[in-house]
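Observations on the three-dimensional arrangement
Okay, here's what each chain looks like letter by letter:
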Amino acid sequence: MPDAHTDVLVAGAGPAGLTLACELVLAGVRTTVLERDPAPPGFCRGFNLNARSLDLLEHRGLADRFLAEGPTLPATAFVGTAALDLAAMRTRHPYVLGIAQTRVEELLAERAEELGVRILRGHRLTGFREDGEGITADVTAPDGPLRLRCDWLAGCDGGRSTVRKAAGIAFPGTPARRFALLGDVVLADPGALPLGTTAGPGGGSVFTIPRPGYVRLVTAEPDPPEDRDEPVTPDRFQEVLDRALGRRVEIAEVRWLTRFGDAARLAERLRAGRVLLVGDAAHIHPPAGAVGVNAAIDDAMNLGWKLALVARGLAPERLLESYHTERHAAGARLLRDTRAQALLAAEGERLAPVRDLLGELATAEGTAGHVAETITGVNTRYPAHDEHGHPWEGRMIPGDGLLPAPARTGGGALLLDEAAAPAAVREAAASWNGRVTVTAVPSGRLPGTYAVLVRPDGHVGWVARPGAGAGAEAAGGAVRSALEWWFGPPAPLPVAG
Ligand SMILES: Cc1cc2nc3c(=O)[nH]c(=O)nc-3n(C[C@H](O)[C@H](O)[C@H](O)COP(=O)(O)OP(=O)(O)OC[C@H]3O[C@@H](n4cnc5c(N)ncnc54)[C@H](O)[C@@H]3O)c2cc1C
């Protein structure tokens, strides 16, 4: 029988829920994860981690664990047949890592266990009630129904999120208009379909992706059943495949069959009272670009440290509004980019010239970097606390060894030019000890400034403006304002004994 009270209850142990739980426990918050399924699924949806995820994992010293698991590739598929040149991105990881989503989840679950996260599998959240003091969650568990009490509830429970629906958060967007069937299969004759796109005589096509010991086949389903949740049977898959190819390709073994559509929706609010939405619960999009796992990790890394500070009573709830502001905007871009790719890939001959043009831009010197950074989220820029044009404001800090150890433990970092920073800045920061670690960096490493505040998710929260206001007092005041904005009020001074 689990404890009846936890600081944060996380519904769902997918990439979003596991990442968020790790971040919360790392920051000292009691966290319980409820997972509906008793065991991990026997199929695998995604097969990659992109540069943005690796950059984020780098801030916890975890990127190497994931990089040890698979090959890295300098390009990835884009709008059907074109390639996206990832090597042109400004990141420590200018490639895509080939790694099964199931393995990503295993590694995250291992990390969660190391940190002491409690994961209750076979526990489904069925509803909740919020009152002035917290939330009571209704759960069905293997031994019968349960009631759990928590201060905060994170809905990481996928695209059909129970949490989102029970919170009454609208999910506007576009319904699915096109459907595709996906089959992870072993072909009787492995040479029967080449890798990539095979066109049939009647305008249909099949996309073949190599997997270890099998292939993933994806083909349009022009006549989906009325009930889109109707299971895809082997006979139905074979029928649609044969029609697309205009010939029979024999399937020897079926591993997983499913149907997916191109619906695109973004939750109206990522926060309602004590409820927060993360990952697919907050946004669904066509699988073009292979970014869903990455967006889930990105949301969770943005929310984790903020929710931890608020749950511990250190920062005001206002900080959680920045989660909505930052990640709702990122969600809107995610929908735009994946919808554009899905439309272009599906539209046949009519849009072939647009695909050609975009394919050229995605590999040309001068534009390739921008396109790749946009599609992968590497160039994500959040509104800064005190925007004044320093190129680092709101962006992830360049990963060139500047960022010291504190971020690895989930805290923030104040980087000071050891020769140029006024002593008042260091003195002011002492009141945030435990939340922020002050680190001196060699003189001249911080271009055009003497101090940079790095949030726990690696984004630059503030850059000091040399010359703005005169003297040590102004410098101390500026850093105090930035620290309070991101990390809550300073610790009270100890009472003299
Ligand atoms: C065919 C396909 C291919 C894809 N390929 C890629 C790819 O190559 N790369 C990529 O990055 N993304 C890919 N995606 C998208 C990716 O799989 C999702 O975006 C990602 O899994 C979202 O993570 P999440 O943690 O938000 O949600 P999920 O992974 O859906 O996790 C939600 C979890 O919550 C649990 N849950 C649900 N309801 C409850 C409840 N009431 N109580 C408790 N637990 C509950 C579920 O069992 C599940 O474990 C693909 C998606 C599809 C459909």
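See the structure printed just above.
Quick summary incoming for the structure in this document. In this text the structure is predicted, and so the values were computed from the model without any measurement.

1. Some thoughts on the pairing of strand E1 (residues 5–11)
Burial analysis of E1 places six of its seven residues in the buried class, the great majority of the element. Bridge count between E1 and strand E11 (residues 144–155): six bridges; the pairing is parallel. Paired with Val 10 across the strands is Ala 154, a residue of E11. Where E1 meets strand E2 (residues 31–35), four bridges bridge the pair, whose relative direction is parallel. Paired with Val 10 across the two strands is Val 33, which belongs to E2.

2. Observations concerning the sheet that holds strand E14 (residues 196–199)
Read across the sheet, five strands follow the order E14-E15-E16-E13-E17 without closing on themselves; strand pairing throughout is antiparallel. The outermost strands of the open sheet, each flanked by one partner alone, are E14 and strand E17 (251–261). Each neighbouring strand pair of the sheet contributes to a mean axis angle of 25 degrees, computed without reference to strand direction. Relative to strand E16 (residues 214–220), strand E15 (residues 205–211) runs antiparallel, the two being bridged by six bridges. Following the sheet pairing, Phe 207 is matched in E16 by Val 218. Lying on the sheet, helix H6 (residues 234–245) is in contact with strand E13 (179–187), E14, E15, E16 and E17; it crosses E17 at an angle near 85 degrees.

3. Considerations on the side chain of Ser 322
Mapped onto the secondary structure, Ser 322 falls in helix H8 (residues 318–346). For Ser 322, the side chain forms a polar contact with the side chain of Lys 306, separated by 3.0 Å. Among residues more than four places away in sequence, those in contact with Ser 322 are Lys 306 and Trp 486.

4. Concerning the side chain of Asp 184
Here Asp 184 lies in strand E13. At 2.8 Å, the side chain of Asp 184 forms a polar contact with the side chain of Arg 216. In contact with Asp 184, other than residues within four places in its own chain, are Cys 44, Tyr 214, Val 215, Arg 216, Glu 253, Val 254, Arg 255 and Trp 256.

5. Observations concerning H6
Here H6 contains 12 residues, and its C-alpha end-to-end distance of 16 Å stays within 8% of the 16 Å for a straight helix at 1.5 Å per residue. Those residues of H6 that fall on the buried side of the exposure criterion are Arg 236, Phe 237, Gln 238, Val 240, Leu 241, Asp 242, Ala 244 and Leu 245. The elements touched by buried residues of H6 are E13, E14, E15, E16 and E17. Following H6 by one or two positions, Gly 246 has its phi on the positive side, about 70 degrees.

Rules used in this analysis
- Position labels on residues start from 1 in each chain and follow its written sequence.
- In keeping with the predicted nature of the model, local features appear solely for residues at pLDDT of at least 70, side-chain atom pairs appear and are counted solely at 80 or more, and the whole-chain, interface and lining totals rest on all residues.
- To get the side-chain values, all heavy atoms of the structure are used, and hydrogens and water are removed first.
- Residue burial is assigned from relative accessible area. The probe radius is 1.4 Å, only protein chains are included, and a residue is buried under 20% of its type maximum, exposed over 50%, and partly exposed in between.
- A helix here means a DSSP run of H or I that spans at least four residues, while a strand means a run of E at least two residues long, and both kinds are numbered starting from the N terminus.
- Here, strands pair whenever DSSP counts at least two bridges between them.
- To obtain each axis, a line is fitted to C-alpha atoms, and for helices this fit is confined to the stretch in contact; angles are then taken between N-to-C directions over 0 to 180 degrees.
- The criterion used for residue contact is that any of the two residues' heavy atoms lie within 4.5 Å.
- Here a polar contact means two N or O atoms within 3.5 Å. Within protein one must be a hydrogen donor candidate and the other an acceptor candidate, and residues neighboring in sequence count only if both atoms are side-chain atoms.
- Expected helix span is taken as 1.5 Å per residue step, with the number of steps being one fewer than the number of residues.

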